[in-house]
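Read off the chains here:
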Amino acid sequence: MSNRTKIMVKIFSRTIRVSAGLFIVLGIAFSRTLPEDGPSSTAEGAYTEAQAKRGERVQRRVCVRCHIPAYYKGGLLDSWTGNTVGALNSQISNTMPEDRPSSLKPQQYADLMAYILMLNGFPAGDTELPSEDAALARIIIERKK
Ligand code: HEC
């Protein structure tokens, strides 16, 4: 090999190594920025305390004239165990408030769900309950085993 060829080969192989390294670094950086899947069960802390507090304010403003908080406890959640938070959330948002169904924002319904989970003794965590149907449909209503 001539000196010139040797230099070319050296530059070429270094370029390959540097770009491979760059790809790995970019790959790691990209996978870190992807959203986390979040909890898949109400036993894992599927809402935050702050979110439940917001839900409580919606309850006081919109729902309390027909339901006292105790209404949401016990029996209601028990009958939804094994179902998804999404299913219960759709049921509530499609039928409540009774005189104006679906009149709240998706975020407000999610906050109400968080409040209802809190009232029922489900643990809070550090991820808010999402407001999108698809994401809510991945969270199962269940107690810690
Ligand atoms: C105008 C009165 C009224 C308002 C306001 C109202 N509700 Fe209701 N709600 C009802 C009635 C009536 C029922 C049916 C009761 C029954 O069949 O036991 C009901 C039932 C429910 C149920 C039980 C559903 C089930 O499948 O068991 C939930 C949960 C609920 N309401 C949540 C809410 C929430 C949250 C709000 C506030 C956004 C709200 N409601 C506002 C009248 C109202």
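Residues numbered from 1 in each chain as written. Predicted model: local features only at pLDDT ≥ 70, side-chain atom pairs only at ≥ 80, totals over all residues.

### Some words on the packing of helix α2 (residues 49-63) against helix α5 (residues 106-119)
Running from N to C, α2 and α5 cross one another at 105°; their axes reach a closest spacing of 7 Å. The angle between α2 and α5 places the two elements in the roughly perpendicular class. Of α5, the residues touching α2 (which contributes Q51, A52, R54, G55, E56, V58 and Q59) are Q108, D111, L112, A114, Y115 and M118. Of the residues in the contact of α2 with α5, the class split is six nonpolar, four polar and three charged. (Axes fitted to C-alpha atoms, helices over the stretch in contact; angles between N-to-C directions. Helix = DSSP H or I, 4+ residues; strand = E, 2+ residues; numbered from the N terminus. Parallel < 35°, antiparallel > 145°, perpendicular 65-115°, else oblique. Contact = placed C-beta atoms within 7 Å. Nonpolar A, V, L, I, M, F, W, Y, C, P; charged D, E, K, R; others polar.)

### Examining the site of the ligand
If you check the shell around the ligand, you find 14 residues, and the closest are C63, C66, M96, P97 and E98. Secondary structure elements with two or more residues in the shell around the ligand: α2 and α4 (85-95). For the shell around the ligand, a count of residues per class yields nine nonpolar, two polar and three charged. (Near = placed C-beta within 6 Å.)

### A few points about the environment of S93
The residue S93 is located in helix α4 in this model. Look at S93 and you get buried, because 21 C-beta atoms sit within 10 Å. A sequence separation of 11 residues divides S93 from L104, and the C-alpha atoms of the two residues are 7.7 Å apart. What S93 contacts, discounting residues up to four positions off in sequence, is S102 and Y109. (Buried ≥ 20, exposed ≤ 12 C-beta atoms within 10 Å, placed from the backbone.)

These figures capture arrangement, not role.
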